[in-house]
Amino acid sequence: MMRTGRAAIVAAVVVAVAGLSAGCGGSVSSSGQTDAKKLVLIPGVANEPFYISMQCGAQDEAKKLGYTLDTQAPTQFDASLQTPIVTGVIASKPGAILIAPTHAQAMASPIKQAKDAGIKVIEVDTALEDTTIALSSISSDNVKGGELAAQTLSKLVGDKGSVLVINTKAGTSTTDQRAQGFEDELKKNHPGMTPLGVQYNNNEAAQAASIVTATLAAHPDLAGIFATNLSSAEGAATGLRNAGKLGQVKVVGFDASPKQVQDLKDGTVQALIAQNPGDIGKQGVDQAAAALESKPVTRTIQTTMIAITQDNMSTNDQYFYKSKC
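So, a few notes on the structure that sits alongside this text.

**Considering unusual backbone geometry**
Although it is not a glycine, Asn202 sits at a positive phi angle of roughly 55 degrees. Checked against the element boundaries, Asn202 lands in the loop between strand 7 (193–200) and helix 7 (205–218). Judged by relative accessible area, which is 43%, Asn202 ranks as partly exposed. In this model, Asn203 sits at a positive phi of 60 degrees, which is unusual for a non-glycine residue. On the secondary structure map, Asn203 appears in the loop between strand 7 and helix 7. Under the relative-accessibility criterion, Asn203 is labelled buried at 15%.

Structure below.
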């Protein structure tokens, strides 16, 4: 997210959320019937192209299958803001909730209340550590995304040279998986490339720029950078621009929001690893419908990703994230 928001999924346990959950009266009453044709999507954060694209895919599929879909999202990727939304949605008694939990532990209690109220729970994009609550989890395979990033960067640098990973925050599950997949792929299949390890920018572009400046001073032969989220890529580009190395040191970023696509067009980054959030939304609705119609539900679904460069971007614009449906 994630770029600025979604990357914070497991950054820190929000102690205040526990108090908030308790302060909301503990459990929500499970009395009364749910509306089996009503679905609610609760993304990680509002006005974010990844989640907007997910919403578009979910809306189209819900309409196709004869369901209504409402979307309610917090203004920040924060469990203390997502919790009251979940509580309010439970009171409206939809048949199913599609949710991207903003914290793997802190969101367990409110989401379990939805389950206890008879609402089907489907996780989209992110997931709880407790695997007993949701019926299905649909997400990108972030390890494979990291592997694809390594393969793509290898081609860009001629399969040789020193390469750096800039990650957001230590302990962030999605971006840590991307970094791990990247490093594993280098070790297995690219002996000519020298990994310089993973450095963390605390989701701050300015800090990522400083990391690049320091790395270039220590390793003037730096050939490439894998940036696991938006702030990492933006900061890497700034650091390279300041050093007069923009375009010489190749950058592979993650995701395909409008800003990132423009950076690819401009040559600020040389490749993007794009997820398919529309398909995550579509499959989330499919699993919710299956659960509501007493059909088999698939517990874990991982969607594909694609590497986009300037050479192939005109034929892969279906992977560009949307600002509106």
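Continuing now.
**Topic: the packing of helix 3 (residues 79–92) against helix 4 (residues 108–116)**
Between helix 3 and helix 4, the least distance of the axes is 9 Å, while the angle of their chain directions is 10 degrees. One way to sum up the angle between helix 3 and helix 4 is to call them roughly parallel. Two secondary-structure elements touch here, helix 3 through Thr83, Val86 and Ile90 and helix 4 through Pro110, Ile111, Gln113 and Ala114.

**A look at the packing of helix 7 against helix 8 (residues 230–242)**
It is at 7 Å that the axes of helix 7 and helix 8 come closest, and there the two elements cross at 45 degrees. It follows from the interaxial angle that helix 7 and helix 8 lie oblique. The element helix 7 and its partner helix 8 pack so that their crossing is right-handed. Every residue of helix 8 that contacts helix 7 at Ala205, Ala208, Ala209, Val212 and Leu216 is listed here: Ser231, Ser232, Glu234, Gly235, Ala236, Thr238, Gly239 and Leu240.

**Some points on the pattern of salt bridges**
Evaluated as defined, the whole model comprises six salt bridges. The partner of Asp116 in a salt bridge is Lys112, and the shortest N-O contact between them spans 3.0 Å. Taken as a pair, Asp116 and Lys112 lie in helix 4 at a separation of four residues, close to a single helical turn. The structure contains a network of salt bridges with shared partners spanning Glu61, Lys282 and Asp286.

**A word on the nonpolar core**
Leu39, Leu98, Ile166 and Ile225 are the most contacted members of the largest nonpolar core, which has 45 residues in total. It is helix 2 (residues 49–65) that provides the largest number of residues to this core, a total of five residues. Ile225 has contacts with Leu153, Leu164, Ile166, Val212, Ala236, Leu240, Val249, Lys250, Val251 and Val252, leaving out every residue within four places of it along the chain. In terms of nonpolar packing, the next biggest core, distinct from the first, is built from 20 residues, Ile85, Ala106, Ala117 and Ala134 among them.

**Remarks on the state of the cysteines**
As enumerated under the stated definition, the model contains one disulfide in all. A disulfide bridge connects Cys56 with Cys325, and the sulfur atoms are separated by 2.0 Å. Note on the Cys56 and Cys325 pair: the S-S dihedral is about -105 degrees, so by sign convention the disulfide is left-handed. Residue Cys56 is found in helix 2, and its partner Cys325 is found in the segment after strand 12 (306–309); the two are separated by 269 residues along the sequence.

**Remarks on the sheet that holds strand 4 (residues 120–124)**
Across the sheet, six strands lie side by side as 2-1-3-4-5-11; this open sheet has parallel pairing. Pairing within the sheet leaves two strands with one partner each, and these edge strands are strand 2 (68–71) and strand 11 (300–303). Pairs of neighbouring strands in the sheet enclose a mean axial angle of 20 degrees, with direction left out of account. Bridge count for strand 1 (residues 35–42) against strand 3 (residues 94–99) is five bridges, and the pairing is parallel. Within strand 3, the position partnered with Val40 by the bridge is Ile97.

**Things to note about helix 9 (residues 258–266)**
All buried positions along helix 9 are accounted for by Gln260, Val261, Asp263 and Leu264. Along the axis of helix 9, the buried residues cluster in a sector spanning 155 degrees; they form a single face. Those residues of helix 9 hidden inside the fold are in contact with helix 8, strand 9 (250–254), strand 10 (271–274) and strand 12. Phi turns positive, to about 85 degrees, at Gly267, one or two residues after helix 9.

**Regarding the sheet that holds strand 7**
Read across the sheet, six strands follow the order 7-6-8-9-10-12 without closing on themselves; strand pairing throughout is mixed. Two strands close off the open sheet at either side, each with one partner strand: strand 7 and strand 12. Each adjacent strand pair in this sheet contributes to an overall mean axis angle of 20 degrees, direction not counted. Where strand 10 and strand 12 come together, four bridges link them in antiparallel fashion. Across the sheet, residue Ala271 finds its bridge partner in strand 12, namely Thr309. Those strands touched by helix 5 (residues 142–156) are strand 6 (161–167), strand 7, strand 8 (222–227), strand 9, strand 10 and strand 12, and its axis lies near 160 degrees from that of strand 9. Against the sheet, helix 6 (residues 173–189) contacts strand 6, strand 7, strand 8 and strand 9, and its axis sits at roughly 165 degrees relative to strand 6.

Rules behind the numbers
- Residues numbered from 1 in each chain as written.
- Predicted model: local features only at pLDDT ≥ 70, side-chain atom pairs only at ≥ 80, totals over all residues.
- Heavy atoms only, no water.
- Helix = DSSP H or I, 4+ residues; strand = E, 2+ residues; numbered from the N terminus.
- Buried < 20%, exposed > 50% of the residue type's maximum accessible area, 1.4 Å probe, protein only.
- Axes fitted to C-alpha atoms, helices over the stretch in contact; angles between N-to-C directions.
- Parallel < 35°, antiparallel > 145°, perpendicular 65-115°, else oblique.
- Contact = heavy atoms within 4.5 Å.
- Left-handed = near helix turned anticlockwise from the far one by under 90°.
- Salt bridge = Lys/Arg side-chain N within 4 Å of Asp/Glu carboxyl O.
- Core = buried A, V, L, I, M, F, W, Y, C linked by side-chain atoms within 4.5 Å.
- Disulfide = S-S within 2.5 Å.
- Pairing = 2+ DSSP bridges.
- Arc of directions from axis to C-beta.

By themselves, these are just geometric observations and shouldn't be taken as functional.
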